[in-house]
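What follows is each chain in one-letter form.
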Amino acid sequence: MMAHNKALLAAILLSASSGSVAAAGRAAPVPLAPAAQRLGTADELIAESRRAMPTDPVKAREQAGAARAALATEPPSAARQIGIATAAWLEGEASIRLSELPRAQAVILAALRSIERAAPNSKLHGSLLSSRAGIEAALGRPLAALNDYQRAYAIFHKLGEARDQAIALQNIGSIYNDAADYERVLYYYGLAHDAFPDDPILDLSSSNNQANALDELGRFALAEQAYGEALRAARRLGSPPAEARILDNLAQAQLKQGHLSEAAKTVARGLSVARDPRAADSIPLLMRTAAQLALANDRPRKALDLVERSFAAAGEKALTTRYRELHHAAYLAYKRNGQEKQALDHFETYKGLSDQGRSLAASTSATLAAARFDFANQNARIATLKTGQLQRDIALSRLKARQLQIVLGGLLTLVTVVAVLLGLYLRSLRRSRDAIGAVNLELVDVNHELEAALLAKTQFLATTSHEIRTPLNGVLGMTQVLLADPAVVGDIRERIMLMHKAGGTMQRLVDDILDSAKTDAGSFDLDRTFGNLHELLSEGIVLWRAKAEAAGLTLRLDIEDCPEFIVEDMGRLRQIVFNIVANAIKFTPQGRIDVKATTATIDGGDFLKVIVSDTGIGIAQRDLGAIFERFVQLDGSTTRQFAGTGLGLAICRNLARTLDGDVLVTSEVGVGSQFTVLLPLRAAPVTSVVSELSAPADTLEGSSLLIVRANPLAQAMFAAVLKPIVARLAFAASMDEAVAALPDAGTNLILLEGTGLAAETGDGLARLRDFAAGVADQGACLVVLWPAATAGPGEPDPLACGANFVIRKPVGADSLVAQLRAAVSAHAQPDALPVMDERLDRVA
Amino acid sequence: MQILFIEDDAMNRRVVKDMLSVAGIDMHEAVDAEAGLAMIEAKSFDIVLMDLRMPGMDGLTAVRHIRARHDAKASVPIIVITADSATNLRRDCLAQGADDMLVKPIAMQELFDSIGQMMARQGGSLELMF
C-alpha cells in the first residue's frame, strides 16, 4: 500500500510541477539567441524526460542526464543554473523510482544547494524539498521528511500554488501513516482535499488513504464509503492498477467485518479488473484475500490452492512487508491441511515481517512524539523565561503605579496645580493598570503553553514506557526464575541479583511515568477495601529499613496512635507513603527518619495522618511549591546525585488528592523536612474487625499455622484456601527451616507435606520422629498430609512417629479445612470424648 | 496439573514456561488463539493463560469463544496476561469472562498466587496440583 501510494504521489508531483527552465527563469534576464536555442534543446529533453517518467524511469533518467550535459556547455547564468537544477531533479526522481536512493540523494542535494542560490522559494525549490523529503522518509528519517514537506508546503502556500499545497499535505499524511497515527492521517488528507478538491488523481489518493486509516481505526462503514469514492476516482482516471488495489483494500475491510459474500464479490471484481496487464501487481494480493475468504468459508483445500498460486505469482516479492498477510493466510491454510512444517515456516516469516512493521511504526511514532515533545519543550522554556520576564514587568508596573499614587497624594495640597497635574497623573495610572492587565493576559496564554508542553512530555514518555514493559518481562522473568534455583550461588547469584534490582528500578520508573500520564488524563481505578494499616506500614518499614541502614540512617515507625483497620485503596496508600519514605532516604545523608501514623480531627472531619520526618538537607521556602511539580528536581546539580525522573512527589500529591486528601510539607534548610500525608479516615465496619480479633486460640480461626512445603505454587494454593481462615500463616521449605521458625509467633499448628517422607524408609521416618518431638515440646499440633493407604502392613505410620493427626491425600479444599478444624479442637481438649470420624486418625 | 498458555511471542512463552517449571509444572503452549482453541477442544486443562494482543483472533475474543462452549470446559479458569495498564482494562477483561488479570512484567509469586486462588475456588481435590 505504502509503495503504491508513494509512486502515485510522485507521479502527481511530476505532472504538477512546472519546473521548466523558461518558467523558473522568468525573473532572470534571458540570454541571446544561440544560447536560447541550446536551452531550447535542453527544454525538449526535459519535457521528454517528464513524459517518460511514469512508465520508463530509466529512459527518463537518461534524458535528464543528457539535458544536464547540454546545459553544462552554456556560459553560467541564472537560467542555466535553474535548468540544471530541473534536470537534476528529474534525475533524482527517476532514481527514486528505480529505488537507487543514494544516487537520488546525491543529485537532489546538489540541486537543492544550487536552487537555494539561484531561485530560492520558487516552485522548483518546493519540488526539490519534496523529493528530498521522500528520500528521507524512505531512509527511515520521518522527522527530516516532515520538516522538508512542511517547508515545501510553506513555499507553495506563499506562491498560492493550491495543488502543490494539497500534495504536500498528502505527503505529510503519508508520514503519519508510517507511524500508524491514523487520526492525523485523516486530518491531513482531509486538509489536502479541502486545499484542492475535484482533482481525480488527488481525490484518488486522499480517498484511498483516508479509507485505509478509517479501516485501521475500526470505522468500517465510513471506510467503505471512502473506498467507494476512491473507486470512482480510479475509474475517472481510467487506472486499472489503482482500481484493482482499492478493490483489494475494500475486500479486506469487508472480510474483517464478516461480510463474506460481499467480500467475495469484491474480490471477483478486482480479479476481473486485474486482467489488464497494468494491474498485474494486484493479483497476488487479491489471491491472498480470496484464500482468507476460503478459510473463513471453511474450505481449506481451496485456500491452500489459492495460496500456492499466489506465491507462484509473487516470486521474490513474497518476502516484502506487503505480503505479510499472505504468509499468515498460508500459515493457516497449511495448518488446516495438516502440513505443520510449512505452516510454521510461514508463521515465522509472518512474525518477522510483523516485527519489522511494528518496530518501524513504533520507532517512527516515538520519533514523532519526541519531536513534538522537543518542540513543546522549547516553547515551555521560552514560556518560562517569558513568565519570569512578565512577572518582573508586573512588579515594575505595580511599583510605578504606587510611586505615582504617592506623588499624587503629595500634590493634592497644591490646589491650583492639582487640576492639571491630576489629569496627567491619572492618565499614567490608567496606562500602568492597562499594562498590568495586558501582561496578565499574556501570562494566561503562557500557562496554556506550559500545560501543553507538560502534556506532550507525559504522552511521549507514556508511549515509550508502555513499549518497555514487554522486554522487561523477559529480563525480570528470567532473573526471577534464576534466583528461584537454589543451585545458583556465590558470585553468579550476586550478579543476577544486581540485574534483578536494576530491572526492578526500571519497572518502577515505567510505572511512575504511566501513573503520571493517567493522573493527567484523570483516569484512575480506585480500589477501596478493608485493610490492615499496621501491617501495611510495618511490612513496608522492614523493606525500607535495610536500605536506610545501608545508607547509615535509622528508620523508626510509630503506630501507637493510629487505628489498625481502615477502609482505603491500600495499594495507592502504600505507593504514596513509600514514595515519600524513598524520597526522605534519598535526601538525608545522615541522621534518622521517623514515620508516625496518627489521627486528627480537622473542621469536624476525621483524618488519618502519616508523617515522615527526616534530618536531611531540607528545602528552601521558595521551592516548597516547585518540588511537587513534575520533572523538577531542585537545582540541576542534584540530578546526578539523586537520580530519578522527578515524578515521585508529584504523583504522591496527585494520588493523595484523588483519594480526597493531600500531601503537605514543612522544612528548614540544613535541618530537615517533614512530609504529612493527610487522608479522610473511613471507619472500618465493626463486624470485620470483631471477627479478626476475637477468635479464640483453640479454634482454627485463632490458630497460627506453619505449612512445611517447598513448592511455591503449592504454597500459593494452600495460602488461597487457608489464609482467609487462620489468624496467622507462615511457610517453611523444609523441616529444618520449620524447626528454626517454630519458637516465633506462637505457632500452634503445623501442616507437613509427608509424601516425600512416605517414599523413604528408615532415614525419612527418623527425621519425622525428631521433628514431631520438637513440635510436641512447643505444645503445638502436628498434622501430616499422607498419601492414600496402598498395601496393608509394612506401610510406615506417621502417627507412630509422633504426628498428632493424619490427613489422607487426595483431599479437597473444603475437606482439608474441616479436618484441620477438628484436629485443632481435639488437640486443645485431649480429654474430650473422641470424635467418631472415619477420616480422622487420632492418638488414643 | 495441566496449564495452557496462549501467546504469540516466543520470549513471553519461555518466561512463563520457566516460571512454571520452578513449581514443577510442564506448560502446554499455543502460538495463537486458533491453535489454543483447538488444543482446548482436544484436551482438558486446569488453567488457561491468555495473552491479549495476538495476530488473527485476539485474546478477549478467544475468551468469549471458550465461555460460549456447551460443556464443562466452558468454565475453565482463565488468567489474562498483558502489558497494557489502561484504566478499566481489568474490569473489561473480567466482564468478558476472564477470572484474573496479570500485568507484565510478570511477578512469579503473583502468577503462583493467582493460580492458587483459581484452584482454591474450584474447591476440588488439591491432589490434582502436583
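Note that this is a predicted model, so its numbers are computed, not measured. Along each chain, the written sequence defines residue order, and numbers are assigned to residues from 1. Lettering for chains starts from A, numbering for ligands starts from 1, and both go in the order in which the items are written. Under the rules for a predicted model, residues below a pLDDT of 70 receive no local features and side-chain atom pairs below 80 are neither given nor counted, while totals for whole chains, interfaces and linings still include all residues. As a convention, hydrogens and water are excluded, and side-chain values are obtained from all of the structure's heavy atoms.

Student: Help me out: how do you make sense of the overall build of chain B in this one?
Tutor: Going along the chain from the N terminus, every DSSP run of H or I of four or more residues is numbered as a helix, and every run of E of two or more is numbered as a strand. Secondary structure summary: chain B contains five helices and five strands in total. Ordered by position from the N terminus, the helices and strands of chain B form the series β-α-β-α-β-α-β-α-β-α. Burial status across chain B gives 58% buried among its 130 residues. Each accessible area value is a Shrake-Rupley result obtained with a 1.4 Å probe; residue values ignore everything except the protein chains displayed when judging cover. Put simply, chain B shows about 5200 Å² of open surface, and 50% of that area lies on carbon and sulfur atoms. Burial status follows relative accessibility: with a 1.4 Å probe on protein chains alone, a residue under 20% of its type maximum counts as buried, one over 50% as exposed, and anything between as partly exposed.

Student: Where do I start with the sheet that holds strand S4 (residues 78–82) of chain B in this structure?
Tutor: Pairing between sheet strands relies on hydrogen bonds along the backbone, with the strands arranged either parallel or antiparallel. Residue and element names in this part refer to chain B. Across the sheet, which stays open at both edges, the five strands sit in the order S2-S1-S3-S4-S5 with parallel pairing between neighbours. Among the strands making up the open sheet, the edge pair consists of strand S2 (27–30) and strand S5 (100–103). Across the sheet, the mean angle separating the axes of adjacent strands is 20 degrees when strand polarity is ignored. Each pair of strands is called paired provided DSSP finds at least two bridges between the two strands. In this structure, strand S3 (residues 47–51) lies alongside S4, joined through four bridges in parallel fashion. Lines fitted to C-alpha atoms define the axes here, with helix axes fitted over just the stretch in contact, and angles between the N-to-C directions of these axes take values from 0 to 180 degrees.

Student: Explain empty space enclosed by the protein to me, please; I cannot follow it from the model alone.
Tutor: Empty space among the atoms can be located by rolling a probe the size of a water molecule over them. All names here are of chain A. In this analysis, the protein atoms alone were mapped onto a 1 Å grid. Cavities are point sets where a 1.4 Å probe fits without being able to get out; pockets are open sets with protein on both sides within 12 Å along at least five of seven lines; lining residues have an atom within 4 Å of a point. Grid points are joined across faces, edges and corners, and a volume is the space filled by probe spheres set on the points. For the coordinates displayed, the defined rule picks out three cavities of 30 Å³ or more. Estimated volume of the second largest cavity: approximately 30 Å³. Around the second largest cavity sit Ile 566, Val 567, Glu 568, Leu 608, Leu 679, Pro 680, Leu 681 and Arg 682, which together line it. Those elements that place two or more of their residues in the lining of the second largest cavity are strand S3 (565–568) and strand S7 (672–680). A per-element tally of the lining of the second largest cavity places S3 first, with three residues. Note on residue classes: Ala, Val, Leu, Ile, Met, Phe, Trp, Tyr, Cys and Pro are nonpolar, Asp, Glu, Lys and Arg are charged, and everything else, Gly too, is polar. Classifying every residue of the lining of the second largest cavity by side-chain character gives six nonpolar, no polar and two charged.

Student: Please explain unusual backbone geometry as it appears in this structure.
Tutor: Glycine aside, residues mostly have negative phi angles, and peptide bonds mostly take the trans form. The omega torsion of the bond from Lys104(B) to Pro105(B) falls at -5 degrees, within 30 degrees of zero and hence cis. The backbone of Asn121(A) sits at a positive phi, close to 60 degrees, despite the residue not being glycine. By secondary structure assignment, the location of Asn121(A) is in the loop between helix H6 (101–118) and helix H7 (123–138). Note on Asn121(A): relative accessible area 48%, which makes it partly exposed. A positive phi angle, close to 70 degrees, is found at Asp660(A), a residue other than glycine. Note on placement: Asp660(A) falls in the loop between helix H24 (648–658) and strand S6 (662–668). Residue classification places Asp660(A) among the exposed residues on the basis of a relative accessible area of 53%.

Student: In this structure, what is going on with the environment of Gly625(A)? I would like to understand it.
Tutor: For Gly625(A), the position within the fold is in the loop between strand S5 (605–614) and helix H23 (638–641). Residue classification places Gly625(A) among the partly exposed residues on the basis of a relative accessible area of 45%.

Student: Would you mind going over the packing of aromatic side chains with me for this structure?
Tutor: When we look at a pair of aromatic rings, we describe it by the centre distance and by the angle of the planes. Residue and element names in this part refer to chain A. Here a Phe, Tyr or Trp ring, Trp counted by its six-membered ring, pairs with any other such ring whose centre lies within 6.5 Å, and the pair is stacked when the planes are under 30 degrees apart, edge-to-face when over 60, and tilted otherwise. Tallied over the entire structure, the rule returns five aromatic pairs over all chains. An angle of 75 degrees between the planes, with centres 5.0 Å apart, marks the rings of Tyr 187 and Tyr 188 as edge-to-face. Given the relative accessible area of 16%, Tyr 188 is considered buried. The interplanar angle of 55 degrees and the centroid separation of 4.7 Å between the aromatic rings of Tyr 331 and Phe 347 together place this pair among those described as tilted. Of this pair, Tyr 331 sits in helix H17 (residues 324–336) while Phe 347 is found in helix H18 (residues 340–411), placing the two residues 16 residues apart along the sequence. The same class applies to Tyr 331 as to Phe 347, namely buried. Taken together, Tyr 176, Tyr 187 and Tyr 188 form an aromatic cluster joined through their ring pairs.

Student: Sorry, what's going on with a positive patch on the surface here?
Tutor: Residue and element names in this part refer to chain A. Together, Arg 427, Arg 430, Arg 431 and Arg 433 give the surface a local cluster of positive charge. Tracing the sequence through the fold places Arg 433 in helix H19 (residues 415–483). Owing to a relative accessible area of 53%, Arg 433 belongs among the exposed residues under this scheme. Exposure above 30% relative accessible area and no salt bridge define the residues that can form patches, which grow by joining like charges within 9 Å and nonpolar side chains of Val, Leu, Ile, Met, Phe, Trp and Tyr within 5 Å. Salt-bridge detection follows one rule: a side-chain nitrogen of Lys or Arg within 4 Å of a carboxyl oxygen of Asp or Glu. When charges are counted, neither His nor the chain ends are considered; positive counts come from Lys and Arg and negative counts from Asp and Glu. By convention, charge coordinates are those of NZ in Lys, CZ in Arg, CG in Asp, or CD in Glu.

Student: I would appreciate a short explanation of the pattern of salt bridges in the present structure.
Tutor: A side chain of one charge can pair with a side chain of the opposite charge if their charged atoms are brought near each other. All names here are of chain A. Taken as a whole, this structure holds 40 salt bridges over all chains when the rule is applied. With its nearest N and O atoms 3.3 Å apart, the salt bridge here joins Lys 123 to Asp 164. Of the two residues, Lys 123 sits in helix H7 while Asp 164 sits in helix H9 (residues 162–178), which places them 41 residues apart along the sequence. A relative accessible area of 2% means that Asp 164 is categorised as buried. A salt bridge links Asp 594 to Arg 556; the shortest N-O distance between them is 3.2 Å. One end of the pair, Asp 594, is in strand S4 (residues 591–602); the other, Arg 556, is in strand S2 (residues 553–558), and 38 residues separate them in sequence. Note on Asp 594: relative accessible area 18%, which makes it buried. On the basis of relative accessibility, which here comes to 45%, the residue Arg 556 falls in the partly exposed class.

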